Amino acid sequence: MRRRLLHNLAWVGSSQAVIAVLGLVSLALTARALGAAGLGVLAVVEAYSRSIARLLHPEPWQVVIKHGAEALEAGDHERFERLVWLSLVTDLALGLVAAVVGVALAGLAAHWMGAVGDGAALLALGATAALLAARPTAMGVLRLYDRFDLLARIDMGIAVLRLALVAVVWAAGGELFAFVLVFVAWTIADGLLPMLFTLPQMRRRGHRLCPASPRRIAAENPGLLRLFVNSNANVTLRQLRQRFDIVLLAGVLPASALGHYQLARRIGEAALRLGRPLGQVTFPEFARLVARGDRARLRRLLVWSSLGLSAALLVILAPVATQMDRLLPLAFGSGFAGAAACVNIMTAAMALYMAGLTSGPALMVLGRDQAMTVLTGATTAFFFAALIPAARIWGAEGAAAMQLVGNALWLVACLALALSASRVPTQGQAAT
């Protein structure tokens, strides 16, 4: 397990570092082209599209990993094939629903979010990015196949594509509409390309898509629907804090302050890529350990992965934070000279979130997904209740501070619950 884990972590970690750098270059070009106010409007368009997609397109990859690992460990390939087929159909159908609803509600949303003025057309265009979103199924299958290397190459290729499109638009003096087109193009590529590479991988292993009734698939994968609902409720609640916040803040902060907040989020998300690989590669390992009943090894993996990530974050991020007021104007332009405090607060918030990335997968495979959803719901409710008052009083820095406090509460609660759950048998193991 250790060799496989380190191999996968090396691939995902290196690719995420490359993607983070490419993303920051794309952000710098976009910020220089649009300025703080233009970046704020683009942030609203992206946040609207992603919020609609997150609400209406629950992702089935957690189900594919957990129940797919059980099926492959048992040698039941047909059960695995039926599970993947249902996951892919779910992805494509819900992606279509999200795009249609996003386009239909664009006018109402533009009126509600006065910050985008007459930008209903931009919101509608951005919403079409939800089409062809088959990435979740592809992620689940490739991770089960231990093809983290292939997924890493695909993601780096998509990041290069995004940078190339942004560079072309920047060099041509493109305005906001062109950057929205770039967002749509690379988001569709991100949703479609991984699945196009996954299908040949399935054929090489003798697997195929096997249509079957959802009732049958649910019957042979006990707890499938519950895991699908709870895992997505948890992810949706978490990600809405990173997406819907911009939608709410559009009516409170001026466009330039939104631009500062968006810059802080994007830099924080780049930092998040440094820790996200650990959560990605440990999820399949947690699923295998639970399937084998080895909870002691799971607990050790959980503890050491969290401690190791926390130490790495402290070493990497602290020196950068001390130079942030000098780095931002140099990289993104003079319009972002006042964003250093917001960026540092948001980066710290993302660091706390990263430190708990392995506790979420552990809770899901241990059957504590419902409790995790309750915890995430409580911390998300606190965040949204405090967001607008904090933004009115302290501006973008206050909004970032609420991200920090919410992530701290979530980290402590989820890690404590995961350690507790790993010491008692899961329901399935107890029955055995």
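Residues numbered from 1 in each chain as written. Predicted model: local features only at pLDDT ≥ 70, side-chain atom pairs only at ≥ 80, totals over all residues. Heavy atoms only, no water.

Student: Any details on the confidence of the model for the protein? Residues and values, ideally.
Tutor: Looking at the protein, the pLDDT average stands at 85 and 93% of residues meet or exceed 70. Considering only residues more than four positions removed or in separate chains, one finds that residues 426–432, a stretch of pLDDT under 50, has 6 contacts. (pLDDT = per-residue confidence, 0-100. Contact = heavy atoms within 4.5 Å.)

Student: A description of the packing of helix α10 (residues 224–249) against helix α16 (residues 369–394) should follow, citing residues and the corresponding values.
Tutor: Axis separation between α10 and α16 bottoms out at 9 Å; the angle between their running directions is 10°. When the axes of α10 and α16 are compared, the pair comes out roughly parallel. Considering only residue class, the contact of α10 with α16 consists of 13 nonpolar, 8 polar and 5 charged. (Axes fitted to C-alpha atoms, helices over the stretch in contact; angles between N-to-C directions. Helix = DSSP H or I, 4+ residues; strand = E, 2+ residues; numbered from the N terminus. Parallel < 35°, antiparallel > 145°, perpendicular 65-115°, else oblique. Nonpolar A, V, L, I, M, F, W, Y, C, P; charged D, E, K, R; others polar.)

Student: Tell me about the environment of Ala-250, and please be specific about residues and values.
Tutor: Locating Ala-250 in the fold gives a position in the loop between α10 and α11 (255–292). Between the C-alpha atom of Ala-250 and that of Val-44, which follows or precedes it by 206 residues, the distance is 7.1 Å.

Student: Lay out the pattern of salt bridges in plain terms, naming residues and giving numbers.
Tutor: Scanning all chains against the criterion turns up 13 salt bridges. For Lys-66, the salt bridge is made with Glu-70, and the minimal N-O distance between the two is 3.0 Å. Here Lys-66 pairs with Glu-70, and both are found in helix α2 (residues 61–73), just 4 residues apart, close to one helical turn. Between Asp-155 and Arg-135 there is a salt bridge whose closest N-O contact spans 2.9 Å. A residue pair is termed long-range when its members are at least 10 positions apart, and Asp-155 in helix α7 (residues 148–171) and Arg-135 in helix α6 (residues 135–144) qualify at 20 residues. Of the two residues examined, Asp-155 and Arg-135, each falls in the buried class. A single network of salt bridges, built from pairs that share partners, joins Lys-66, Glu-70 and Arg-79. (Salt bridge = Lys/Arg side-chain N within 4 Å of Asp/Glu carboxyl O. Buried < 20%, exposed > 50% of the residue type's maximum accessible area, 1.4 Å probe, protein only.)

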